[in-house]
Amino acid sequence: METKAYKQNEIVWLSVLQGFAMLLVVLGHVFHGEAHYNWELTLQQVIYSFHMPLFMCVSGYLFYFTAIKKNKNYLDVVKNKAVRLLIPYFVLSVVTIVLKVSFSEYMRRGAEFSVNQLLDAFVWLTNMPLGEMWFINALFLLFLLYPLYGIADKKKIYEALLLIAFIAFYFIQQNNPLPSFVFNYGSAIYYGFYFYVGILLCKYGAKLLEKKLLIIPFVVAFAVLKILDIKDLPYLLPLCGTMASFYFAKMLAHVNPNMFKTFRNYTYQIFLIGIFPQIAVRVVIEKFAAHLCPPHCRLQCNTL
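Let me sum up the structure you'll find in this document. (Residues numbered from 1 in each chain as written. Predicted model: local features only at pLDDT ≥ 70, side-chain atom pairs only at ≥ 80, totals over all residues. Heavy atoms only, no water.)

A few words on the environment of Phe248. Note on placement: Phe248 falls in helix H13 (residues 236-255). Residues Phe248 and Ile215, spaced 33 residues apart in sequence, show a C-alpha to C-alpha distance of 7.1 Å. If we ignore the near neighbours within four places in the chain, the residues touching Phe248 are Phe20 and Ile215. (Helix = DSSP H or I, 4+ residues; strand = E, 2+ residues; numbered from the N terminus. Contact = heavy atoms within 4.5 Å.)

Shown next as structure tokens:
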């Protein structure tokens, strides 16, 4: 996630990428459980196959740029992330619990004032009042590993070992889940790989990312993997989508540096209050689709 220091020294293509990633998150949540047409279902499946790995990769990229590269003090970093991530999460969660209890008859997922509800919301994190907030917990846990990234940053062999460790823990968690006494850290284990890939991309990928034509093999590979529904290599599809997005942002920034400028520097704020932009986008899409797909085509229309 970006910091004040980053905003003052904005990297245009990276800001465009943040805007694109946030747009995917909003669109993905718009269609989640609410798709009315086949094209919406297809778009949702494509977005969900890589949009959160992309967001984690961007977060890792920024973390290297703003903290690891500058060798910032660990306690200062943790304090900054706690203020930016945990306090908004706590406040919004409390407000959401109050609203859900007050208007329970209108809620799809209810809530209650109880010790179990509070433990679920703030300790176990298994039944959060705002389900999409799992991202906040996963990201904060990954930030807490800052000393490991610093040690790995000193030698390439350490970097390789840490990357392998993230992959190994993912497969361990998938086959024999580790006990979770506090915090639901399964998401951090899974997305830690993409977060660390973002760190390595920031450190080593400058020249690679300048070769914009590499977007072609990544897009082709993504399309083939998606069409053939290959699931034996769990990281490959999201990685292809993520890398294609990086190159896409590079190209967009070259054509139009102001792309997504109205919201690209407010990705975290949009994520926190995502329900409002989601409603707005849902209304626009419904009105647009209604002109091209009449009511009797709902759930059958294959073209936008």
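This part covers the packing of helix H12 (residues 215-228) against H13. Axes are the key here: two packed helices are described by the angle between their axes and the distance separating the axes. Running from N to C, H12 and H13 point in directions that differ by 145 degrees, and their axes come no closer than 8 Å. As for the relative orientation of H12 and H13, their crossing is left-handed in sense. Along the contact surface, H12 presents Ile215, Phe218, Val219, Ala221, Phe222, Leu225 and Lys226, while H13 presents Leu236, Leu237, Cys240, Gly241, Met243, Ala244, Tyr247, Phe248 and Met251. A per-class count over the contact of H12 with H13 returns 14 nonpolar, 1 polar and 1 charged. (Axes fitted to C-alpha atoms, helices over the stretch in contact; angles between N-to-C directions. Left-handed = near helix turned anticlockwise from the far one by under 90°. Nonpolar A, V, L, I, M, F, W, Y, C, P; charged D, E, K, R; others polar.)

What follows covers the packing of aromatic side chains. Counted by the stated rule, this structure contains 26 aromatic pairs. A centroid spacing of 5.1 Å and a plane angle of 70 degrees characterise the contact between Tyr170 and Phe171, whose relative ring orientation is edge-to-face. Here Tyr170 falls in the buried class, since its relative accessible area comes to 8%. With relative accessibility at 36%, the residue Phe171 sits in the partly exposed group. Ring plane angle 45 degrees and centroid distance 6.1 Å describe the contact between Tyr191 and Tyr194, whose orientation is recorded as tilted. Of this pair, Tyr191 and Tyr194 both sit in helix H10 (residues 186-204), 3 residues apart, which is roughly one turn of the helix. Residues Tyr191 and Tyr194 agree in their burial class; the two are buried. Members of the aromatic cluster, each reached through a chain of ring pairs, are Phe63, Tyr74, Phe143, Tyr146, Tyr149, Phe166, Phe195 and Tyr196. Positioned above the aromatic ring of Phe65, the side-chain terminus of Lys70 is 5.9 Å from the ring centre. Lys81 extends its terminal NZ or CZ atom over the ring of Phe143, reaching a point 4.5 Å from the ring centre. (Phe/Tyr/Trp six-rings, centres within 6.5 Å; stacked < 30°, edge-to-face > 60°. Buried < 20%, exposed > 50% of the residue type's maximum accessible area, 1.4 Å probe, protein only. Lys NZ or Arg CZ within 6 Å of the ring centre and 35° of its normal.)

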